[in-house]
Amino acid sequence: MTQKKKGLFDWYFKSNLLIRIMIGLVAGAVLGVVLAAAVPDKAPKILPYIVPFGDAFIRLLKMIIIPVVLFTLIVGTSSIQPSRLGRVGVKILAYYLFTSMCAAIIGLIFALVFRPGTSVNLEIGTGTAKAAANQPLAQIFLNIIPENIFNAFTTGNILQVIFFALLVGIALAFLRDSMDTRIKHAANSVYHFFEGMAEAMFVVVRWIMQYAPIGVFALMVNVFAINGPKVAGPLINVTIVVYLGLIAHLILVYGGFLSFNKINMFGFFKKARDPMLTAFVTRSSGGTLPISMQTADKMGVSKGVYSFTLPIGATINMDGTTIYQAVCAMFIANAIGHPLEFSQMVQVVLISVLASIGTAGVPGAGALMLLLVLEAIGLKVEAGSAVAAAYAMIFGI
């Protein structure tokens, strides 16, 4: 039996991605501090050779965001069969949307209390984006409806793309449920096209994620070379704030629902330990789904209920990601000196809830959705800007 020949870059591609990103973060920070402290006179000459690798990473992420949102949202909404909804389906959809909204609000509250990023004061480039002007709530909701969907695609108007994708997905769901064989076949063909495109986009995302350690390294060198080691503390702070938000959501929202239904919270969490630990380790709701279904069966939940509600939850219910997006959006806004206004916070809640429907249950998808949120509230992630630098700091952790 011949031994399979090892590839030249197996040491890179077959190692743990999370570890590689962390190495890129730490190595970039160390090199940046060295350039800032030991050789400050040479830093301006060295940085132009490193920074383009980081800018390329930002461009790759921006390139993929619109197609990912469009295809995943259409697939996510069209996969829900209207005929199967019934009372349980309507209740679970309302529950998922409500808990996601609560998650975004909790994230914003904790960010307002602890104010992550206020001590950063990034000073990178001249491309610092200005936050969008404060708008009346009525105008925010009116702006969701596109006058020209192609213009929304080209200008990167994320909210309008989300709105359009949701409408197409819902329409496709009804057509797939049609009693007319011709219409049903045509709708399924369209669905499989979008499903195939969504899967193709996930492959592209995985490729981009393979480049992430290099991109994070380059961006961190630039951040630390210009701002010094003082930016390390705020990163620890934002991580703590996110976890505090997760704990609060777990106890207040989930615990509140359990108490309302007269279910012991600690007993429930003990029984749900396996899927919770699996989700924490794999960072994938899709990968955790089989364990969740197995646990629901052990708890005595009807198969007719969990076989429908749990797959939908793994697709559209991303409360942890929603908290992360709210806290990190606030961190980035504070770091560049443009704290979010109330109307922008409303948009963060709205976009986080809607975007969670199309967030893929795979590692790294949350960071991509954060880019979507930032673009939508007027914090443009342009190469070389302070927004891009702050986003890179978040991406690293």
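What you are looking at is a predicted structure, and each value in this text was computed from that prediction instead of being measured.

If you had to explain the environment of Thr288 to someone new, which residues and values would you point to?
When you line up the elements, Thr288 lands in helix H12 (residues 285-298). For the pair Thr288 and Met276, spaced 12 residues apart in the sequence, the C-alpha separation amounts to 8.3 Å.

Could you give me a rundown of helix H7 (residues 158-176), with the residues and numbers involved?
For H7, spanning 19 residues, the distance from its first C-alpha to its last is 26 Å, which sits close to the expected 27 Å at 1.5 Å a residue. Those residues of H7 not exposed but buried are Ile158, Leu159, Gln160, Val161, Ile162, Ala165, Leu166, Gly169, Leu172, Ala173 and Arg176.

How would you summarise the packing of aromatic side chains if you had to cite specific residues and measurements?
Per the counting criterion, the structure on display carries 10 aromatic pairs. Consider the rings of Tyr95 and Phe257, whose centres lie 4.8 Å apart with planes at 85 degrees: the pair is edge-to-face. You can see Tyr95 sitting in helix H4 (residues 82-114) and its partner Phe257 sitting in helix H9 (residues 232-260), a full 162 residues away along the chain. Note on Phe98 and Phe257: the rings are 6.1 Å apart at their centroids and 75 degrees apart in plane angle, and the pair reads as edge-to-face. Taken together, the positions of Phe98 in helix H4 and Phe257 in helix H9 put the pair 159 residues apart, joining distant regions of the chain. Note that Arg176 overlies the ring of Tyr191, its terminal NZ or CZ placed 3.8 Å from the centroid.

Which residues make up the nonpolar core, and what values do they have?
Ile162, Ile332, Leu372, Tyr391 and Phe395 are the most contacted members of the largest nonpolar core, which totals 96 residues. The element contributing the most residues to this core is helix H8 (residues 181-227), with 15 residues. The next biggest cluster of nonpolar side chains, apart from the first, holds 8 residues, and it includes Ile50, Val51, Ala218 and Ala225.

Let's hear about the pattern of salt bridges: which residues, and what values?
Applying the stated rule across the entire model yields 2 salt bridges. Among the salt bridges present, the one from Glu375 reaches Lys62, with a minimum N-O distance of 3.7 Å. Of this pair, Glu375 sits in helix H16 (residues 365-376) while Lys62 sits in helix H3 (residues 43-78), and the two are 313 residues apart along the sequence. Of the residues examined, Glu375 reaches a relative accessible area of 11% and is grouped as buried. The partner of Glu375 in a salt bridge is Lys380, with the nearest N and O atoms 3.7 Å apart.

Lay out the packing of H7 against H8 with the relevant residues and their values.
Contact geometry for H7 and H8: axes closest at 8 Å, N-to-C directions at 140 degrees. Classified by the interaxial angle, the pair formed by H7 and H8 is oblique. Between H7 and H8 the crossing geometry is left-handed. For the pair H7 and H8, the contacting residues are Leu172, Leu175 and Arg176 in the first and Ile183, Lys184, Ala187, Asn188, Val190, Tyr191 and Phe194 in the second.

Could you give me a rundown of unusual backbone geometry, with the residues and numbers involved?
One non-glycine residue, Arg115, lies in positive phi territory at about 45 degrees. In this fold, Arg115 is placed in the loop between H4 and helix H5 (137-142).

With reference to specific residues and values, describe the packing of helix H2 (residues 17-37) against H8.
One way to put it is that H2 packs onto H8 with a least axis distance of 7 Å and a crossing angle of 20 degrees. Put simply, H2 runs roughly parallel to H8. Crossing angle aside, the handedness with which H2 passes H8 is right-handed. Its residues assigned to classes, the contact of H2 with H8 shows 18 nonpolar, 4 polar and 1 charged.

Provide a residue-level description of a nonpolar patch on the surface, including the pertinent values.
The grouping of Phe98, Met101, Ile105, Ile109, Val113, Phe114, Ile236, Ile240, Leu244, Ile247, Ile251 and Leu252 at the surface amounts to a nonpolar patch, some 1,100 Å² of accessible area in total. Looking at the nonpolar patch, the elements with two or more residues in it are H4 and H9. For Ile109, the location among the structural elements is in helix H4.

I'd like a description of the side chain of Arg20, backed by residues and values.
Position of Arg20 relative to the elements: it lies in helix H2. Assessed through its relative accessible area of 8%, Arg20 is described here as buried. At 3.0 Å, the side chain of Arg20 and the side chain of Ser15 are in polar contact. Among residues more than four places away in sequence, those in contact with Arg20 are Tyr12, Phe13, Ser15, Gln210 and Pro213.

About the thresholds
Residues numbered from 1 in each chain as written. Predicted model: local features only at pLDDT ≥ 70, side-chain atom pairs only at ≥ 80, totals over all residues. Heavy atoms only, no water. Helix = DSSP H or I, 4+ residues; strand = E, 2+ residues; numbered from the N terminus. Expected span 1.5 Å × (residues − 1). Buried < 20%, exposed > 50% of the residue type's maximum accessible area, 1.4 Å probe, protein only. Phe/Tyr/Trp six-rings, centres within 6.5 Å; stacked < 30°, edge-to-face > 60°. Lys NZ or Arg CZ within 6 Å of the ring centre and 35° of its normal. Core = buried A, V, L, I, M, F, W, Y, C linked by side-chain atoms within 4.5 Å. Salt bridge = Lys/Arg side-chain N within 4 Å of Asp/Glu carboxyl O. Axes fitted to C-alpha atoms, helices over the stretch in contact; angles between N-to-C directions. Parallel < 35°, antiparallel > 145°, perpendicular 65-115°, else oblique. Left-handed = near helix turned anticlockwise from the far one by under 90°. Contact = heavy atoms within 4.5 Å. Nonpolar A, V, L, I, M, F, W, Y, C, P; charged D, E, K, R; others polar. Patch = residues over 30% accessible without salt bridge, like charges linked within 9 Å, V, L, I, M, F, W, Y side chains within 5 Å. Areas by Shrake-Rupley, 256 points an atom, 1.4 Å probe, with all protein chains shown as cover. Polar contact = N/O pair within 3.5 Å; in protein donor to acceptor, adjacent residues only side chain to side chain.

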